[in-house]
Amino acid sequence: MDELTLLQARRIALAAQGFCDRAHREPSMRTLDRTVARTGVLQVDSVNVLQRAHYMPLYSRMGPYDTDLLRRASERRPRRLVEYWAHVQAFMPVELWPLMRHRMEHYRSERGKWGFAAADPALEPRVLAAVRERGPVTARDLDAEFSGPRSREHWGWNWSEARKVLDYLFLVGDVAIAGRTRQFEVVYDLPERVLPTAVLEAPTPSPQEAVTELVRRAARSHGVGSAACLADHYRLRLQPAPGKPSAKVAIEQLVEDGELVPVRVRGWGRPAYLHRGARLPRAVDARTLLSPFDPVVWERARAEALFGFHYRIEIYVPAAERVHGYYVLPFLLGDRLVARVDLKADRAARVLLVQGSFAEEAAPPGTAAELATELRRLAGWLDLDDVVVVPRGDLAPALAAALTQA
């Protein structure tokens, strides 16, 4: 069994995620395709305190780009991306649709992912008929016909009956997401009006075949990772169970085929697997901020194992109890996570607000200056005029000074 140092594993992982790809002078649809091939998926999240989550991994790898590229890729023909529950809610390449059919059938047998989805099965054929007749539609478009007064029991989850049924139909593949409104509402339509014909007519693999292909793709996106890392990328069952596909079986098959090579990563307490096509660069020349939902850090145990970076998102933590802040982004410099900043786009004042800035223990001396440059770049991409640093965190004084000098 080969052994990798932690530095080698880190560089392999960052190269697999696209941080060593040659920059395009003006990011294009080709750049987006290349980037999504690296990340595998783009996690979707509604929080918009800075920029919605699915836009950020593209920025981190492509630099400032026209966000209309993502809208065109996911809403115009020929569609390249479609939303589904691929990691969690995420944009994925359209060719993954057949690989998700086993998941759709599981949700159908389980009556949806959540207990309150499809609360009234009698509404399903009627709502589906309405989508067929009127689509594309939002849940709000169907509320008057299918929904009574909304429950106020669960803040944030008080979905109307129309929304519950539409969400169930989405999970089981009877409808697809055609896009989103400016208010971020989901727009539903029939799959045949959303997805390319070739994707819809593609053969359905067996559940284990689908899981094996997803693990293969996860391994390419990781470069090197543990079995748990590879399973988490598409939220797959790791251990075998009677009648269920598993990532462990997939890993064993890929090792036997020579696509995965068992390796030992120095300092890791668990076996790892190296993709045979993984690249080990001599250096990683990165300088960018990562979303809390970036594939580099979304599996928190992996981020800690690779970077020594203990990371928890604190959105749902009461303000007085937060350690670093509400929406905290790690700062990637070279091949290390050297700092973190709590950011907010104050669009009314047209400033990027740094509400907290913190250096990691081994941050190099030039961290503040490098971070200042990156914050200016991010502000420009967000169409903000300035960067304002709140005096909170050990890096704040040096960062404020670096921004003033710049």
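Please read these numbers as outputs of a predicted model, since none were measured by experiment.

Reading the values: the criteria
- Residues numbered from 1 in each chain as written.
- Predicted model: local features only at pLDDT ≥ 70, side-chain atom pairs only at ≥ 80, totals over all residues.
- Heavy atoms only, no water.
- 1 Å grid on protein atoms, 1.4 Å probe; cavity = no way out; pocket = protein on both sides within 12 Å on 5 of 7 lines; lining within 4 Å.
- Points joined across faces, edges and corners; volume = space filled by probe spheres on them.
- Helix = DSSP H or I, 4+ residues; strand = E, 2+ residues; numbered from the N terminus.
- Core = buried A, V, L, I, M, F, W, Y, C linked by side-chain atoms within 4.5 Å.
- Buried < 20%, exposed > 50% of the residue type's maximum accessible area, 1.4 Å probe, protein only.
- Contact = heavy atoms within 4.5 Å.
- Pairing = 2+ DSSP bridges.
- Axes fitted to C-alpha atoms, helices over the stretch in contact; angles between N-to-C directions.

Some remarks on the layout of surface pockets
Considering only enclosed or pocket space, the second largest pocket measures out at about 580 Å³ in volume. Together, 25 residues line the second largest pocket, and Gln 51, Arg 52, His 54, Tyr 55 and Thr 67 are the ones closest to its centre. Elements with a contribution of two residues or more to the lining of the second largest pocket: helix H4 (68-75) and strand E5 (176-180). With five residues, H4 is the single largest residue contributor to the lining of the second largest pocket.

Notes on the nonpolar core
Grouped together as the largest cluster of nonpolar side chains are 61 residues, with contacts concentrated most on Tyr 84, Met 92, Trp 97, Leu 142, Val 215 and Tyr 234. Ranked by the residues each element gives to this core, the list is headed by helix H8 (residues 161-171), at seven residues. In this view, Val 215 contacts Leu 230, Leu 236, Ala 247, Ala 250, Ile 251 and Leu 254; residues no more than four positions away in its chain are not counted. Ranked by size, the runner-up nonpolar core spans 51 residues in total, among them Tyr 59, Ala 345, Trp 381 and Ala 402.

Things to note about the sheet that holds strand E7 (residues 224-225)
Pairing in this open sheet of four strands is mixed, and the strands run E1-E8-E9-E7 from one edge to the other. In this open sheet, the two strands that pair with only one neighbour each are strand E1 (2-4) and E7. Examined bridge by bridge, strand E8 (residues 260-265) and strand E9 (residues 272-275) share four bridges and lie antiparallel to one another. Paired with Pro 262 across the bridge in E9 is Tyr 273. Of the strands in this sheet, E8 and E9 are in contact with helix H12 (residues 247-256), which crosses E8 at around 105°.

Observations regarding the sheet that holds strand E13 (residues 351-359)
If you trace the five strands from one edge of the open sheet to the other, you get E10-E11-E12-E13-E14, paired in mixed fashion. Only two strands of the sheet have a single partner each, and these edge strands are strand E10 (287-289) and strand E14 (386-389). Taken pair by pair, the neighbouring strands of this sheet meet at an average axis angle of 30°, ignoring direction. Relative to E13, strand E12 (residues 336-346) is paired through eight bridges, and the arrangement is antiparallel. Bridge pairing in E13 places Lys 344 opposite Leu 353.

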